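# An overview of the molecular structure
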Amino acid sequence: MKKKQGKVESSIFTRAVHGGEDHFKYADAITTPIVQTSTFVFKNSKEIKQYTSKKLTRYEYGRYGNPTQRAAEKKLAELEGAQDCLLLDCGMSAVTSTMLAVLEKGDHVVITDDAYGQTLNFCGIHLPRFGINSTVVKMGDYGQMKKALRKNTKIVFSESPTNPYLNVIDLEAMQDIRKRFRGLMIIDSTFATPFNQRPLEWGMDLVIHSTTKYLGGHNDMLGGAVLGSTELVDRVREYQRVTGSILDPHCCYLLMRGAKTFALRVDYQNRSAQAVAEFLESHPKIRKVFYPGLPSHAHHEIAKAQMKGYGGVVSFWVDGSLKQVNKFLDSLQSLHIGPTLGGVESLITHPATVTYYRNTRKERYALGITDQLIRLALGIEDPADIMADLDQALGKMS
Ligand SMILES: *Cc1c(COP(=O)(O)O)cnc(C)c1O
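Note that residues are indexed from 1 along each chain, following the sequence as it is written. Whole-chain, interface and lining totals are the exception, using all residues; otherwise, since this is a predicted model, local features are given only for residues with pLDDT of at least 70 and side-chain atom pairs are given and counted only at 80 or more. Excluding hydrogens and water, the side-chain values take into account all heavy atoms of the structure.

Attention now goes to the domain arrangement of the protein chain. Interface size is commonly expressed as the accessible area that is lost once the parts come together. Split into domains, the protein chain comes out as domain 1 (2–260) and domain 2 (263–395). Those domain boundaries reflect an automatic or database domain assignment. One C-alpha centre belongs to domain 1, the other to domain 2; they are set 27 Å apart. Residues count as neighbours in contact if any of their non-hydrogen atoms are within 4.5 Å of one another. At the junction of the two partners, domain 1 supplies 30 residues and domain 2 supplies 36 residues. The quantity reported as buried area is the accessible area (1.4 Å probe) lost by two parts once they are put together, taken as the sum for both. Together domain 1 and domain 2 conceal approximately 2900 Å² of surface at their shared face, both sides included; 58% is due to carbon and sulfur atoms. In the sections that follow, a salt bridge refers to a side-chain nitrogen of Lys or Arg positioned within 4 Å of a carboxyl oxygen of Asp or Glu. Inspection of the domain 1/domain 2 interface yields zero salt bridges. Two N or O atoms count as a polar contact when they lie within 3.5 Å, although within protein this holds only if one can serve as hydrogen donor and the other as acceptor, and sequence-adjacent residues are included solely when both atoms are side-chain atoms. Seen at the junction of domain 1 and domain 2, the total is 17 residue pairs in polar contact (both at pLDDT 80 or more).

Rendered as structure tokens:
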């Protein structure tokens, strides 16, 4: 939104609707158009000269940027309170391009143990091919994180809340880590969204989102974003000029459209998840519930102090055998079984058989992925209907 002099800062609900939109009202349309083009033509040689001598800012070729992409980037930057934002074609592109744009041979990365599986794979399998090693530390153990720092540590990477146990980062402890090394603190804030937490305001350097989740919000697109200072985001943008992985204009439009209602949805999902978590915690067929909004969660106090809401994902252990867990899943009537989260449709997943099917049972259990673990990502249905479905399916278990 245009900041007029003396105008008060608008709320995140308002920024979600108007952020980034104001310069593209072609034909006075209220929405930002999809500029579906691969290239942008020059009027004449004078314009080429003005552009190449940087006297004129304009678009050149689709891989280097597009007006719909730029508008979506501006919206997300306003939501996150970032100087700049770069969009990429998925969350993993945002993670890998950011790392590859800033890391050099011989650098070192510190990453928390419950980060997104492919992010851990990237650090554990691919970065070493380029002479970059990483140390995996236990999420929540800031003493271990401190000890893992080396002279050549370039990145400390964490997520929050994490998957599937919804561990929550202590951003105060991270500020202390920040002072102890010269590299970058990068937070994958996909589960929190800028509605619940804005790590840049806590002195973190870059925030990453899989916009596939809450920001897109409709289970109909993949996208990724990196946000922070113009200087850092530009480094990733320069890298993207070479490697591609751009978000196409149509997806940028879907992202903008989704993001307009993101604050409404996340606000609602926070409350639905809290209600469902409390319901499950008192259910006789549930052994344990993991939700940062419950006082029983290990990081409840941190979340309460540092987050606006506790997010839309609830994990729990069903009290039963694998066969009984399958019976529960097969008895669900309205909840769909599938990975991902943050869309309007609620999704339930059984990490042991959906995400970790390649791992041995021993490996899975070492990661806490038990046969009894279920992850529920709330959509925007009435939570009463979700609880009724869970209740009837739990009743069919034995
Ligand atoms: C989904 C997800 C990713 C990867 O995003 P894609 O859009 O699927 O590439 C990265 N980090 C977190 C925390 C995620 O949930």
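Attention shifts here to the packing of aromatic side chains. Ring geometry is summarised as follows: Phe, Tyr and Trp rings, the Trp one being its six-membered ring, pair when their centres sit within 6.5 Å, and such pairs are stacked at plane angles under 30 degrees, edge-to-face over 60 and tilted between the two. Under the criterion given, the structure shown has nine aromatic pairs. Residues Phe40 and Tyr59 carry aromatic rings whose centres are separated by 5.4 Å and whose planes lie at 40 degrees to one another, so their mutual orientation is tilted. Placement of Phe40 in the loop between helix H1 (12–18) and helix H2 (45–52) and of Tyr59 in the loop between H2 and helix H3 (67–80) is noted, with a sequence separation of 19 residues between them. A residue is classified by how much of its surface remains accessible, and Tyr59, at 24% relative accessible area, is partly exposed. Ring geometry for Tyr165 against Trp317: centres 6.3 Å apart, planes inclined by 85 degrees, an arrangement best described as edge-to-face. A run of H or I in DSSP counts as a helix once it spans at least four residues, and a run of E counts as a strand once it spans at least two, with each numbered from the N terminus. Residue burial is assigned from relative accessible area. The probe radius is 1.4 Å, only protein chains are included, and a residue is buried under 20% of its type maximum, exposed over 50%, and partly exposed in between.

This paragraph deals with unusual backbone geometry. With an omega of -20 degrees, the peptide bond between Ser160 and Pro161 qualifies as cis. As for its position among the elements, Pro161 is in the loop between strand S4 (153–159) and helix H7 (171–178). Cis geometry is found at the peptide bond from Asn163 to Pro164, where omega equals 0 degrees. When you line up the elements, Pro164 lands in the loop between S4 and H7. Backbone geometry places Lys54, a non-glycine residue, at a positive phi of 65 degrees. Judged by relative accessible area, Lys54 falls into the exposed class, the value being 74%.

Right, let's get into the site of the ligand. Each residue is tested against the molecule or strand, and it is near if at least one of its non-hydrogen atoms lies within 4 Å. In the region of the ligand, the neighbouring residues are Cys90, Gly91, Met92, Tyr116, Glu159, Asp188, Thr190, Phe191, Ser210, Thr212, Lys213 and Gly223. At 2.7 Å, a side-chain N or O of Lys213 approaches an oxygen atom of the ligand. The Shrake-Rupley method, run with a 1.4 Å probe, gives the accessible areas here. Residue values count only the displayed protein chains as cover. For the ligand, the protein covers 92% of the area, taking 380 Å² as the surface of the free molecule. Under the convention adopted here, Pro, Cys and the residues Ala, Val, Leu, Ile, Met, Phe, Trp and Tyr are nonpolar, Asp, Glu, Lys and Arg are charged, and Gly plus all remaining residues are polar. Each residue belonging to the shell around the ligand can be placed in one class, and the counts come to four nonpolar, five polar and three charged.

Close contact between helix H11 (residues 262–281) and helix H16 (residues 383–395) brings their axes to 10 Å; oriented N to C, the two are set at 30 degrees. The angle between H11 and H16 places the two elements in the roughly parallel class. Where H11 crosses over H16, the two elements pack in a sense that is right-handed. Where H11 abuts H16, its residues Tyr268, Ser272, Ala275, Val276, Phe279 and Leu280 lie against Pro383, Ile386, Met387, Leu390, Asp391 and Leu394. Here the contact of H11 with H16 is composed, by residue class, of ten nonpolar, one polar and one charged. Whenever a helix is involved, its axis is fitted only over the stretch in contact; in every case the axis is a line through C-alpha atoms, and angles between N-to-C directions fall within 0 to 180 degrees. Angular relationships are summarised with four words: roughly parallel below 35 degrees, roughly antiparallel beyond 145, roughly perpendicular across 65 to 115, and oblique for the angles in between. A clockwise turn of the near helix away from the far one marks a right-handed crossing, whereas an anticlockwise turn of less than a right angle marks a left-handed crossing.

Here the focus is the pairing of S4. The element S4 is extensively covered by neighbouring structure, given that six of its seven residues are classed as buried. By the bridge criterion, four bridges tie strand S2 (residues 108–112) to S4 in an arrangement that is parallel. Paired with His108 across the two strands is Thr153, which belongs to S4. By the bridge criterion, five bridges tie S4 to strand S5 (residues 184–188) in an arrangement that is parallel. The residue of S5 that forms the bridge with Ile155 is Leu184. DSSP calls a pair of strands paired once it identifies at least 2 bridges connecting them.

Per the stated rule, a full pass over the model turns up 18 salt bridges. A salt bridge links Glu201 to Arg198; the shortest N-O distance between them is 2.9 Å. For Glu201, a relative accessible area of 54% corresponds to the exposed category. The partner of Asp371 in a salt bridge is Arg364, with the nearest N and O atoms 3.0 Å apart. Counted as one network, the salt bridges with shared partners bring together Arg70, Glu73, Asp84, Asp234 and Arg237.

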